[in-house]
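Understanding the architecture of this molecule
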Amino acid sequence: METGNIIFLDIDGVICTTLSTQISTLLRLPLERQIFDPLALYWLRWLVHRSGAKIILCSSWRDALEVDDPLCKAFVKNLYDRLARNGTPIADAAPRLPNGDKGEDILAWLAENSCARYVILDDHDCFALGAQVRQYWIPIPVDRGLRRREAKAALQLLQNDSK
């Protein structure tokens, strides 16, 4: 069964930015209650609502899903809760392959799940081993996170629009 459009989402540099770190510090929030960049969350919500896409976690934050540590569990729960409250819940997480890169992780997820179209929102090119997914990568500027330009480029790919 086809799952529609998919957004493979990295966290650090995409929605966890310098701005969100500064705000969390000013509010003296512990890491397990940190907030995420409000502008990046706005554009992620805009993209999800216009594309109907589901979010698949494809970030080093996936490691915390496998750790039996209360702090790691609180850290990931905060991420899932904040994205759900944003109207952009995480639907699944890409597998973490040993000795692989994100490209291979994404290909493994796609091998088990079909989708209409997909994009990858990431601040780093981590696709050396799964290079065929690079064409779906929207580079996110690490210094500012997801913004209008990248959200519109992602929507164009998800709509398969060549304009």
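Right, let's walk through the structure included here. (Residues numbered from 1 in each chain as written. Predicted model: local features only at pLDDT ≥ 70, side-chain atom pairs only at ≥ 80, totals over all residues. Heavy atoms only, no water.)

1. Things to note about the pairing of strand β3 (residues 90-93)
This is how the line gets drawn: Strands pair, by our definition, only if DSSP identifies at least two bridges between them. Runs of H or I in DSSP of at least four residues are treated as helices and runs of E of at least two as strands, each being numbered from the N terminus. Handedness rule for crossovers: strands pointing away from the viewer, path from the first strand over the helix to the second running clockwise, crossover right-handed.
Bridge count between strand β2 (residues 54-57) and β3: three bridges; the pairing is parallel. The partner of isoleucine 56 across the bridge, within β3, is aspartate 92. Once you follow β2 into helix α3 (residues 70-85) and on to β3, the crossover reads as right-handed.

2. Thoughts on helix α2 (residues 38-51)
Applied cut-off: A helix's residues, less one, multiplied by 1.5 Å, set its expected span. Note on contacts: a residue pair qualifies if any of its non-hydrogen atoms lie within 4.5 Å across the two residues. We call two N or O atoms a polar contact when they sit within 3.5 Å, provided that within protein one can donate a hydrogen and the other can accept it, with sequence-adjacent residues counted only if both atoms are side-chain atoms.
End to end, α2 covers 20 Å across 14 residues, agreeing with the expected 20 Å (1.5 Å per residue, within 8%). Residues of α2 that are buried make contact with β1 (6-9), β2, α3, β4 (118-122) and α5 (148-158). A distance of 2.8 Å separates the backbone nitrogen of leucine 39 from a side-chain oxygen at the start of α2, and that oxygen is part of aspartate 37. Note on α2: the residue one or two positions beyond its end, glycine 52, has a positive phi of about 70°.

3. Quick notes on the pattern of salt bridges
What counts here: Any Lys or Arg side-chain nitrogen located within 4 Å of an Asp or Glu carboxyl oxygen qualifies as a salt bridge. Think of it in three bands: residues with accessible area under 20% of the maximum for their type are buried, residues over 50% are exposed, and the middle band is partly exposed, with areas taken using a 1.4 Å probe on protein chains only.
Inspection of every chain in the model, using the stated rule, returns six salt bridges. A salt bridge links arginine 147 to aspartate 37, with the nearest nitrogen and oxygen atoms 3.0 Å apart. Remark: aspartate 37 occurs in the loop between α1 (18-26) and α2 and arginine 147 occurs in the loop between β5 (137-139) and α5; sequence separation between them is 110 residues. Residue arginine 147 shares its accessibility class with aspartate 37, and that shared class is buried. One salt bridge connects lysine 77 with aspartate 81, and the closest N-O pair in it is separated by 2.6 Å. Placement of the pair is lysine 77 and aspartate 81 together in helix α3, with a separation of four residues, close to one helical turn. On the basis of relative accessible area, lysine 77 is assigned to the exposed category, the value being 51%. Take aspartate 81: its relative accessible area is 29%, and that puts it in the partly exposed class. In this structure, a network of salt bridges that share partners links the residues Asp10, Lys102 and Asp122.

4. Some remarks on the sheet that holds β4
Counted only if it meets this: Axis lines are fitted through C-alpha atoms, for helices just across the contact stretch, and the angle between N-to-C directions can take any value from 0 to 180 degrees.
Spatially, five strands are ordered β3-β2-β1-β4-β5 in an open sheet, and the strand pairing comes out parallel. At either end of the open sheet lies a strand with only one pairing partner, and these are β3 and β5. The average angle at which neighbouring strand axes cross in this sheet is 30°, direction not considered. The sheet contact formed by β1 and β4 spans four bridges and is parallel. Paired with isoleucine 7 across the strands is valine 119, a residue of β4.

5. Thoughts on the pairing of β1
Residue alternation in β1 divides its side chains into two sets, Ile6 and Phe8 and Ile7 and Leu9, and both sets are buried. Looking at chain direction, β1 and β2 are connected through four bridges and run parallel. If you follow isoleucine 7 over to β2, its bridge partner there is isoleucine 55.

6. Quick word on the packing of aromatic side chains
The condition is simple: Only rings of Phe, Tyr and Trp enter the pairing, Trp through its six-membered ring, and a pair is recorded when the two centres are within 6.5 Å. The plane angle decides the type: under 30 degrees is stacked, over 60 is edge-to-face, the rest tilted.
As enumerated under the stated definition, the model contains five aromatic pairs in all. Ring geometry for phenylalanine 8 and tryptophan 109: centres 5.5 Å apart, planes at 85°, overall edge-to-face. With phenylalanine 8 in strand β1 and tryptophan 109 in helix α4 (residues 102-112), this residue pair connects regions lying 101 residues apart in the sequence. Judged by relative accessible area, which is 0%, phenylalanine 8 ranks as buried. For tryptophan 109, a relative accessible area of 5% gives the class buried. Pairing tyrosine 42 with tryptophan 43 gives two aromatic rings, centres 4.9 Å apart and planes at 85°, and the pair type is edge-to-face. Its relative accessible area of 39% is what places tyrosine 42 among the partly exposed residues. Every member of this aromatic cluster is reached through a ring pair, and the members are Phe8, Trp109, Tyr118 and Tyr136.

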